[in-house]
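Report on the structure
If you want the building blocks of each chain, they are given just below.
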Amino acid sequence: MSADLSFDQIRLPPECDRLRGEVRAFIADEVAKGTFVPDRPGHGDSHDRAFSRRVGAKGWIGMTWPKKYGGHERNFLERYVVTEEFRVANAPVRLHFVADRQSGPILLKYAPEHIKQDILPRICRGELCFVIGMSEPGSGSDLFAAKTRATKVDGGWRINGSKIWTSNAHVADYMIGLFRTSAPTKENRRHGLTQFLVDMKSPGIKVNPIYQMTGQHDFNEVVFDDAIVPDDHVLGEIDGAWKQATSELAYERSGPERFLETFYVLTELVRALGQKPDARGAEGLGRLVAQLHAMRRMSVSVAGMLQAGKEPVIESSIVKDLGTVWEQKLPERVRELSAFLEEETSNRVTLDEQLAFALKVAPKLTIQGGTTEILRGIIARGLGLR
Ligand SMILES: Cc1cc2nc3c(=O)[nH]c(=O)nc-3n(C[C@H](O)[C@H](O)[C@H](O)COP(=O)(O)OP(=O)(O)OC[C@H]3O[C@@H](n4cnc5c(N)ncnc54)[C@H](O)[C@@H]3O)c2cc1C
């Protein structure tokens, strides 16, 4: 396969400025109420059901989805602005974020009507946490090696096996899981996997915590021991989940959350350098901001292409690769640029705390959502280079 690489020239339209103002006012109000502290690293990773409901009440979850399912029929560029503002502010959106970004769109495409009517409005109200059940021990980059088995039984499917690195599973309501329903064929090793909607409260599901280097409990091992999933929870074609995967990845890989996870150190560097940075500080900061600006243009372009109904798989992989490598290097670069700042600078302590946290977060950034090597493989294949 070979495809053209093209980033459409897209600018955020004026309605996005108005929306940005509304989101900033909402965030300022939440900060004033003490819901979260913007410069406290890790806050964006916390789960806050009450906050998610307030975001839902503002109409900022399921923004692009049809109104008949609780959505708001706004465009991807408006959703982009909301995502960007929450991420920059370090707001605790983790509870609803995966459902909003990718699980909802999967349900919209592949779930039976009664499931859509039941679940999508609850996602839009900020009531549900979804998780991605793809990786397994021995099957991460190579998703199609998944072994966790779904066996047909009367009225449903019996699941046995385990998933790993499942972010948020300890607070989740539902998983969209990829399970083996039959063996791969000689002609197609991707054949034989099916996507299911799994109620995480079902008997036979056990969630074991895995802790990050920061001490945070983000992800988990999820063990299935004869868990039963009903027939109407099959999503799409049995054995044909590989056909459903590509568009999901464009949603997962291109958003501003893919380069803003350590953004707080840049904001803090700006504060710490002050109004009159020396030449080294100004040059270093200028470079970082220029790189960020270019990536943001590319990421906005992908949002615009999604809005136009395209599937920008190569472009979103490029954004994810450039973005995660950048956000991974950012704390190190900020540490170098801030090394000669006066000890008594008032923001020094905050900056040092943030750097200590960001340096521990950094290694995961180029793994989650697809590793750098895998993304570069996808890009090379898409361009006909391999
Ligand atoms: C913070 C975090 C959150 C995560 N959340 C989730 C989640 O919610 N749900 C979920 O399902 N998964 C999740 N993951 C798992 C993640 O998707 C996998 O870790 C990732 O896909 C890599 O798989 P692996 O760990 O099995 O490594 P492997 O696939 O074993 O890769 C090991 C190394 O080999 C390289 N490699 C592998 N194959 C190739 C190849 N063909 N060519 C070149 N190099 C290759 C990789 O790039 C990597 O450097 C999360 C991971 C992290 C770090």
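Residues numbered from 1 in each chain as written. Predicted model: local features only at pLDDT ≥ 70, side-chain atom pairs only at ≥ 80, totals over all residues. Heavy atoms only, no water.

Turning next to the overall build of the protein chain. Each helix and strand in the protein chain was counted, giving 11 helices and 8 strands. Its C-alpha radius of gyration of 21 Å places the protein chain within 12% of the 21 Å reference for a compact globule of 386 residues. Each of the three principal axes of the protein chain carries a C-alpha extent, and together these read 70 × 50 × 40 Å. Out of the 386 residues in the protein chain, the part that is buried amounts to 54%. Of the contacts formed within the protein chain by residues at least 6 apart in sequence, a portion of 75% connects residues at least 24 apart. (Helix = DSSP H or I, 4+ residues; strand = E, 2+ residues; numbered from the N terminus. Rg over C-alpha atoms; globule rule 2.2 N^0.38 Å. Buried < 20%, exposed > 50% of the residue type's maximum accessible area, 1.4 Å probe, protein only. Contact = heavy atoms within 4.5 Å.)

The next point concerns the site of the ligand. By nearness alone, 16 residues border the ligand, and S135, S141, W165, T371 and E373 come closest of all. Within the backbone of S135, one N or O atom sits 2.7 Å away from an oxygen atom of the ligand. Note that an oxygen atom of the ligand is positioned 2.6 Å from one of the side-chain N or O atoms of T371. Here the ligand, which alone exposes 970 Å², has 63% of that area covered by the protein. Of the residues assigned to the shell around the ligand, the class counts are 6 nonpolar, 8 polar and 2 charged. (Near = heavy atom within 4 Å. Polar contact = N/O pair within 3.5 Å; in protein donor to acceptor, adjacent residues only side chain to side chain. Areas by Shrake-Rupley, 256 points an atom, 1.4 Å probe, with all protein chains shown as cover. Nonpolar A, V, L, I, M, F, W, Y, C, P; charged D, E, K, R; others polar.)

The next thing to look at is helix α1 (residues 14-33). Taking 1.5 Å of rise per residue, the 20 residues of α1 would be expected to cover 28 Å, and the 30 Å separating its terminal C-alpha atoms lies within 8% of that figure. Buried within α1 we find C16, L19, R20, V23, F26, I27 and E30. An end-on view of α1 places all buried positions within 130° of arc, on one side of the element. Exposed side of α1, more than 90 degrees from the buried face: P14, D17, R18 and A32 are the residues found there. (Expected span 1.5 Å × (residues − 1). Arc of directions from axis to C-beta.)

Of the voids in this model, the second largest pocket is the one considered here, and its volume is about 280 Å³. What lines the second largest pocket is a set of 14 residues, and nearest its centre among them are R24, E84, V88, F263 and R296. Mapped onto the lining of the second largest pocket, the elements with two or more residues apiece are α1, α3 (76-88) and α8 (279-307). At 4 residues, α8 tops the list of elements feeding residues into the lining of the second largest pocket. Classifying every residue of the lining of the second largest pocket gives 8 nonpolar, 1 polar and 5 charged. (1 Å grid on protein atoms, 1.4 Å probe; cavity = no way out; pocket = protein on both sides within 12 Å on 5 of 7 lines; lining within 4 Å. Points joined across faces, edges and corners; volume = space filled by probe spheres on them.)

It is worth spelling out the environment of E127 at this point. Tracing the chain through its elements places E127 in the loop between α5 (113-124) and β1 (130-133). In this structure the C-alpha to C-alpha distance between E127 and A150, which are 23 residues apart in sequence, comes to 28 Å. For E127, the contacting residues outside a window of four places in its chain are R49, R53, R122 and D173.

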